[in-house]
Amino acid sequence: TSLAIKKQQQDVMGFLAANKIEYEECDIAANEANRKWMRENVPEESRPATGNPLPPQIFNEEKYCGNYEAFFDAREDNAVYAFLGLTAPPGSKEAEAQAKKAQQ
């Protein structure tokens, strides 16, 4: 699974970089404090039935956004900025989709 995890992490970071969204990658493999923080801050309802939540887990500062599947779904729906708790930039597909919704 570590290869799948690495691919998911690269996918998320690639999207953030391509959209000029600042992010910090927190290594949980080499950093016990990061691992502990992630495990403690993934909400109960988002944890796997057994074991610990696996990366990538996405946070906006202290606020939990979701895991890779949630990110993937948000991207498919042009809703990544909302998923991240950010304002979609003017002219982006997401901003246009929100404007259309607001008019309905």
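Not measured: the values here are computed from a predicted model.

Things to note about the overall build of the protein chain
Line of reasoning, step 1. Helix and strand content of the protein chain: five helices and two strands.
Line of reasoning, step 2. Secondary structure elements of the protein chain occur, N-terminal to C-terminal, as α-α-β-β-α-α-α.
Line of reasoning, step 3. With the C-alpha coordinates of the protein chain rotated into their principal frame, the extents come out at 45 × 25 × 25 Å.
Line of reasoning, step 4. Within the span of the protein chain, comprising 104 residues, buried residues form 29% of the whole.
Line of reasoning, step 5. As presented, the protein chain carries roughly 7,500 Å² of accessible surface, and 50% of it is formed by carbon and sulfur atoms.
Line of reasoning, step 6. Charge separation in the protein chain, taken as the distance between the mean sites of 12 positive and 17 negative side-chain charges, equals 3 Å.

Some details on the side chain of Ser92
Line of reasoning, step 1. Checked against the element boundaries, Ser92 lands in the loop between α4 (80-84) and α5 (93-103).
Line of reasoning, step 2. When its relative accessible area of 16% is taken as the criterion, Ser92 is described as buried.
Line of reasoning, step 3. Within the structure, the side chain of Ser92 is placed 3.1 Å from the backbone nitrogen of Ala95, a separation counted as a polar contact.

Cut-offs used in this document
- Residues numbered from 1 in each chain as written.
- Predicted model: local features only at pLDDT ≥ 70, side-chain atom pairs only at ≥ 80, totals over all residues.
- Heavy atoms only, no water.
- Helix = DSSP H or I, 4+ residues; strand = E, 2+ residues; numbered from the N terminus.
- Buried < 20%, exposed > 50% of the residue type's maximum accessible area, 1.4 Å probe, protein only.
- Areas by Shrake-Rupley, 256 points an atom, 1.4 Å probe, with all protein chains shown as cover.
- Lys, Arg positive; Asp, Glu negative; His and termini not counted.
- Charge placed at Lys NZ, Arg CZ, Asp CG, Glu CD.
- Polar contact = N/O pair within 3.5 Å; in protein donor to acceptor, adjacent residues only side chain to side chain.

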